[in-house]
Amino acid sequence: MNPQAKLVFSISLLLGTTLTISSNHWVMAWAGLEINTLAILPMISMSHHPRAIEAATKYFLVQATASALVLFSSMNNAWYTGQWDITQLTHPVSCLILTSAIAMKLGLAPFHFWLPEVLQGSPLITGLLLSTVMKFPPMTLLFMTSNSLNPSLLTCMAILSTALGGWMGLNQTQIRKILAFSSISHLGWMAVVIPYDPKLTMLNFYLYILMTTAVFLTLNSMKVLKLSVLMTTWAKMPSLNAMLLLTLLSLAGLPPLTGFLPKWLIIQELTKQDMIPAAMTISLLSLLSLFFYLRLAYCATITLPPHTSNHMKQWHINKPTNTLIAIMTIMSTALLPISPMIRAMI
């Protein structure tokens, strides 16, 4: 793909995202979602590999269905209430349809079926966009309509997402699929608390974007797509692998790293809302995803590649570590001490 085409698609992606997050009218939000979908499709299929074409086709069909459901729910709400304002979604049927549509756009269970396959068929940078930027508009719509959504339905979807995201990622060897199931699991944490504290959900989302971006950029710099390749990178790029280890542990939510902050605050909020069984369930289910994060970290830093000589291979770095990766890794691991300030800001 030539640079001019990439520039056009990137500007279209930015335009669609901005249009959706800044609009108050349902039709404008729907138009932004459609622009986003059309802008990301050429990026998914730019390699012209059959797997990439299949991923682009699946993504188009799912996103078109979800956008049609968003438009249908808004029209249904306008029919009964006369309101096209996003914050005035009050009809229960419209709320149910909209929850399903946004769950389909985000990849929240039970509408998660498309995300691992699409991410597997996409390049790493496109997968990063799918995991972060493309989730921002639907997450904004979920934030703006959080007062109208059904808490019981969202809790069930959240627990199911955390369970499936952890369970289905256990036996994977493709790193992009592991990160897709990681995304599904994190979406469960975001969905469970959004009816009670939407700002906390957005904080979780921002920190997830930060940590996932660091992981994707590190993997892209090392050109790693499978666990078997990841095992051979320590002798070549030890600094990048050490950064990847810390970021993965933070993504798993282990203290004292940054990823522990949103889980800690979400469990605290659920306890305040007398949802102790839900808090215990989602905390225990997150141990499933902890297993494959530790597996990734083990492959990246502890396993050495097979070699015939009796001495360790000398460390050598093919290129200097990217400054952006270093900054994002530091932020992904060291923000927990300033959690009172972060909590006060939201």
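Computed from a predicted structure; not experimentally measured.

Trainee: Is there a simple way to think about the nonpolar core in this case?
Mentor: Within soluble globular proteins, side chains that are nonpolar generally end up buried alongside one another. If you look at the biggest cluster of nonpolar residues, it comprises 100 residues, and the most contacted ones within it are Ile40, Tyr59, Leu219 and Leu230. Tallying contributions element by element places helix H10 (residues 198-222) first for this core, with 14 residues. There are two domains that each give this core at least three residues, and those are domain 1 (1-122) and domain 2 (150-345).

Trainee: Which parts of the structure should I look at to understand the domain arrangement of the chain?
Mentor: Often the size quoted for an interface is simply the accessible area lost on bringing the parts together. Looking at the assigned domains, one finds that the chain contains domain 1 (1-122) and domain 2 (150-345). For domain 1 and domain 2, the distance between their C-alpha centres works out to 25 Å. Every contact between the two is made by 17 residues of domain 1 and, on the other side, 19 residues of domain 2. Both faces combined, the contact of domain 1 with domain 2 buries some 1,500 Å², and carbon together with sulfur accounts for 75% of it. Where domain 1 meets domain 2, there are one salt bridge.

Trainee: Before we go on, may I ask you to explain the packing of H10 against helix H13 (residues 260-272) in this structure?
Mentor: When two helices pack together, their arrangement is given by the angle between the helix axes and the distance between those axes. Look at H10 against H13: their axes get within 9 Å of each other, and the N-to-C directions meet at 160°. As far as their axial angle goes, H13 and H10 are roughly antiparallel. The hand of the H10/H13 crossing is left-handed. Residue-level inspection shows Leu200, Leu203, Asn204 and Leu207 of H10 in contact with H13, the latter providing Leu261, Pro262, Leu265, Ile266 and Glu269. Broken down by class, the residue content of the contact of H10 with H13 amounts to seven nonpolar, one polar and one charged.

Trainee: Can you help me understand helix H1 (residues 3-22) in this one?
Mentor: In an α-helix, one full turn covers 3.6 residues, which means residues spaced three or four apart are oriented alike. Between its first and last C-alpha atoms H1 spans 28 Å; for 20 residues at 1.5 Å apiece the expected length is 28 Å, and the two agree. Along its buried surface, H1 packs onto helix H2 (26-44), helix H6 (124-131) and helix H7 (136-144).

Trainee: What am I meant to see in the packing of aromatic side chains here?
Mentor: Two descriptors summarise a pair of aromatic rings, namely the distance from one centre to the other and the angle between the planes of the rings. Inspection of the entire model under this criterion finds six aromatic pairs. Their ring planes at 45° and their centres at 6.4 Å tell us that Phe205 and Tyr206 sit as a pair that is tilted. Here the aromatic residues Phe136, Phe205 and Tyr206 are joined through ring pairs into a cluster of three or more.

Conventions and cut-offs
Residues numbered from 1 in each chain as written. Predicted model: local features only at pLDDT ≥ 70, side-chain atom pairs only at ≥ 80, totals over all residues. Heavy atoms only, no water. Core = buried A, V, L, I, M, F, W, Y, C linked by side-chain atoms within 4.5 Å. Buried < 20%, exposed > 50% of the residue type's maximum accessible area, 1.4 Å probe, protein only. Helix = DSSP H or I, 4+ residues; strand = E, 2+ residues; numbered from the N terminus. Domains from an automatic or database assignment. Contact = heavy atoms within 4.5 Å. Buried area = accessible area lost by both parts, 1.4 Å probe. Salt bridge = Lys/Arg side-chain N within 4 Å of Asp/Glu carboxyl O. Axes fitted to C-alpha atoms, helices over the stretch in contact; angles between N-to-C directions. Parallel < 35°, antiparallel > 145°, perpendicular 65-115°, else oblique. Left-handed = near helix turned anticlockwise from the far one by under 90°. Nonpolar A, V, L, I, M, F, W, Y, C, P; charged D, E, K, R; others polar. Expected span 1.5 Å × (residues − 1). Phe/Tyr/Trp six-rings, centres within 6.5 Å; stacked < 30°, edge-to-face > 60°.

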